[in-house]
Amino acid sequence: MFGYVGLLSFGQALYFGCGMYGVAIGVSDFGLSFWPAFGLGIVAAMAMALVTGIFAVRLTWHYFAIITVVFSLIFYFLALTNKWLTGGDDGINFTLPSTFSLGGTHWSFTDPTFQYFFILGTVSFCFWLMHRLIGSPLGKAFLAIRDNDVRASLIGLNVYLLRLIAFVMAGFLAGVAGALFAFFGRYASATYMFYHVSGEAVVWAIVGGAGTLFGPIVGTSIFIVVREIVSTHWEHHSLIVGVVAILVVIFAPKGIVGLWHERLMRLTERGMAPPVETELRTEP
């Protein structure tokens with residue numbers, strides 16, 4: 001949304017939470033198995049993204065950011081008050097269903113090794129989808145809108161529709177993450193729908209490098225490592241995270257990966273530059 005379309009969203013926690021609750025309600029209330037519950041979580045997140053995106057993508061700049069926060073807060077408080085459905089702050093606990101069954105053998109998230117490689121495979125698949133998308137004509141259209149939406153509309157691109165498509169795609173990715181997180185913790189709570197969860201994701205993406213595929217991965221890894229290491233020795237570890245974010249924004253506006261790409265480009269240009277010929281002149 002931000003790196004490739006130019007829209008800064010602080011509402012992705014809403015679709016993350018929809019993915020969580022889709023899984024939790026599907027398993028606990030409807031008795032769904034793993035894959036139908038997984039699908040329900042993703043569909044719930046995409047449906048919510050479609051409904052909110054119809055209104056949100058009509059706006060740009062800070063107006064867009066504000067309306068995404070508003071939608072996130074509205075549904076957060078609805079989730080808190082409707083405890084009969086969501087469990088409120090207490091959330092919903094559920095028993096993990098089997099993921100795969102072959103004969104008498106069952107694989108589920110209760111096995112840490114299977115859990116790790118399943119999540120790794122799912123994230124890798126989403127990463128591959130993003131890579132293919134960015135290189136496709138649709139991805140080029142997104143970049144055109146990001147750079148100049150007026151010119152994009154003048155060459156025949158439907159800016160509103162393309163932004164809505166990007167918004168729903170972002171909801172899909174958030175829904176997959178929320179569904180995986182629900183299976184990981186066997187739990188869903190309205191706490192994860194609060195906008196501060198979206199804020200963390202935005203900071204991680206900007207620090208790593210918005211507009212790059214590896215940037216959010218790098219930013220997330222750095223913050224998680226810093227948080228886990230520092231929190232064991234100092235309770236105010238958020239200050240370190242904040243300082244790191246400020247320094248990166250000041251000295252590397254394009255993020256860590258963006259800075260790395262710039263350095264590589266400079267080195268490449270120097271290596272490709274033709275040698276300067278010097279003439280030796282002798283005085284008469």
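These numbers were taken from a predicted model, which means no experiment stands behind them.

1. Points about helix 8 (residues 159-185)
Helix length check: helix 8 (27 residues) gives 39 Å between terminal C-alpha atoms against 39 Å at 1.5 Å per residue, within 8%. Just downstream of helix 8, Arg186 is the residue with a positive phi angle, here 55°.

2. Quick look at the side chain of Ser198
By the secondary structure assignment, Ser198 is in helix 9 (residues 195-208). Classification of Ser198 as buried rests on a relative accessible area of 2%. A polar contact is formed between the side chain of Ser198 and the backbone nitrogen of Gln12, at a distance of 3.1 Å. With near-sequence residues (within four places) excluded, Ser198 lies in contact with Phe10, Gly11, Gln12 and Ala13.

3. Some words on unusual backbone geometry
Here the phi dihedral of Trp61 falls at roughly 55°; this positive angle occurs in a residue that is not glycine. Looking at where Trp61 falls in the secondary structure, it is placed in helix 3 (residues 61-81). Under the relative-accessibility criterion, Trp61 is labelled exposed at 73%. Even without glycine at this site, Arg186 takes up a positive phi of about 55°. Its place among the elements puts Arg186 in the loop between helix 8 and strand 4 (187-188). What makes Arg186 partly exposed here is its relative accessible area of 36%.

4. Points about the nonpolar core
Side chains that are nonpolar tend, in soluble globular proteins, to be buried together. If you look at the biggest cluster of nonpolar residues, it comprises 56 residues, and the most contacted ones within it are Tyr15, Phe38, Phe94, Phe109, Phe167 and Phe183. Only helix 1 (12-28), helix 2 (34-56), helix 3, helix 5 (112-135), helix 6 (137-147) and helix 8 provide two or more residues apiece to this core. Ranked by residue count, the leading element in this core is helix 8, at 13 residues. Not counting the four nearest positions on each side in its chain, Phe94 is found in contact with Val23, Ala24, Val27, Ser28, Ala182, Phe183, Arg186 and Tyr187. Formed by eight residues, the second largest nonpolar core is a distinct cluster that contains Phe223, Val241, Val248 and Ala252.

5. A word on the pattern of salt bridges
A side chain with one charge can pair with a side chain of the opposite charge if their charged atoms come near. Throughout the structure, instances matching the rule amount to two salt bridges. Of the charged contacts, one joins Asp147 and Arg146 as a salt bridge, the two residues approaching to 3.2 Å between their closest N and O atoms. When the shortest N-O distance is used, the salt bridge between Asp149 and Arg163 registers 3.2 Å. Of this pair, Asp149 sits in helix 7 (residues 149-154) while Arg163 sits in helix 8; the two residues are 14 residues apart in sequence, bridging distant segments of the chain.

6. Quick notes on the packing of aromatic side chains
Across all of its chains, the model carries 27 aromatic pairs by this definition. Members of the aromatic cluster, connected to one another through ring pairs, are Phe34, Trp35, Phe38, Phe94, Phe109, Phe114, Phe118 and Phe183.

7. Comments concerning the packing of helix 5 against helix 6
As a packed pair, helix 5 and helix 6 sit with axes 4 Å apart at the nearest point and diverge in direction by 70°. What the angle tells us is that helix 5 and helix 6 run roughly perpendicular. Taking contact as the criterion, the partners of Leu133, Ile134 and Gly135 in helix 5 are, on helix 6, Pro137, Leu138, Gly139, Lys140 and Phe142. Looking at the contact of helix 5 with helix 6 residue by residue, the classes come out as five nonpolar, two polar and one charged.

8. Overview of helix 10 (residues 215-231)
Along its 17 residues, helix 10 runs 24 Å from first to last C-alpha, staying within 8% of the 24 Å computed at 1.5 Å per residue. Of the positions making up helix 10, those classed as buried are Gly215, Gly219, Phe223 and Val226. Mapping the buried residues of helix 10 onto a view down its axis gives an arc of 65°, with all of them on the same face.

9. Examining the packing of helix 5 against helix 8
Between helix 5 and helix 8, whose axes approach to 11 Å, the crossing angle comes to 175°. By the angle between their directions, the pair helix 5 and helix 8 is classed as roughly antiparallel. Residues Gln115, Phe118, Ile119, Thr122, Cys126, Leu129, Met130 and Leu133 of helix 5 form the contact with helix 8, whose participating residues are Met169, Phe172, Leu173, Val176, Leu180 and Phe184. Of the residues that constitute the contact of helix 5 with helix 8, the class distribution is twelve nonpolar, two polar and no charged.

10. Observations regarding the environment of Trp260
Looking at the element boundaries, Trp260 is found in helix 12 (residues 255-272). Using a relative accessible area of 55% as the deciding quantity, one classes Trp260 as exposed.

Reading the values: the criteria
- What you see as residue numbers is a count from 1 along each chain, following the sequence as written.
- It should be noted that, the model being predicted, local features are given only for residues of pLDDT at least 70 and side-chain atom pairs only at 80 or more, the latter also being counted only at that level, while totals for whole chains, interfaces and linings use all residues.
- As a rule here, side-chain values cover all heavy atoms of the structure and leave hydrogens and water aside.
- Only DSSP runs of H or I covering at least 4 residues are called helices, and only runs of E covering at least 2 are called strands; the numbering of each starts at the N terminus.
- Expected span of a helix: the number of residues minus one, times 1.5 Å.
- The cut-offs for exposure are 20% and 50% of the maximum accessible area for each residue type, with area from a 1.4 Å probe on protein chains only; residues under the lower value are buried, those over the upper are exposed, and the others partly exposed.
- Polar contact is defined as a pair of N or O atoms within 3.5 Å, subject to the rule that within protein one atom must be able to donate a hydrogen and the other to accept it, and that residues adjacent in sequence are counted only when both atoms are side-chain atoms.
- Every residue pair with non-hydrogen atoms within 4.5 Å of one another is taken to be in contact.
- For our purposes a nonpolar core is just a set of buried Ala, Val, Leu, Ile, Met, Phe, Trp, Tyr and Cys residues, chained together by side-chain atoms within 4.5 Å.
- Here a salt bridge means any side-chain nitrogen of Lys or Arg lying within 4 Å of a carboxyl oxygen belonging to Asp or Glu.
- Here is the rule: rings of Phe, Tyr and Trp (six-membered ring for Trp) pair when centre to centre is within 6.5 Å. Planes less than 30 degrees apart are stacked, more than 60 are edge-to-face, and the remainder are tilted.
- With axes taken as lines fitted to C-alpha atoms, and helix axes fitted only over the stretch in contact, angles between N-to-C directions fall between 0 and 180 degrees.
- Relative orientations are named as follows: roughly parallel for angles under 35 degrees, roughly antiparallel for angles over 145 degrees, roughly perpendicular for angles from 65 to 115 degrees, and oblique for any other angle.
- Classification convention: Asp, Glu, Lys, Arg as charged; Ala, Val, Leu, Ile, Met, Phe, Trp, Tyr, Cys, Pro as nonpolar; all other residues, Gly among them, as polar.
- Directions are taken from the helix axis to each C-beta atom, and the arc is the one they span.

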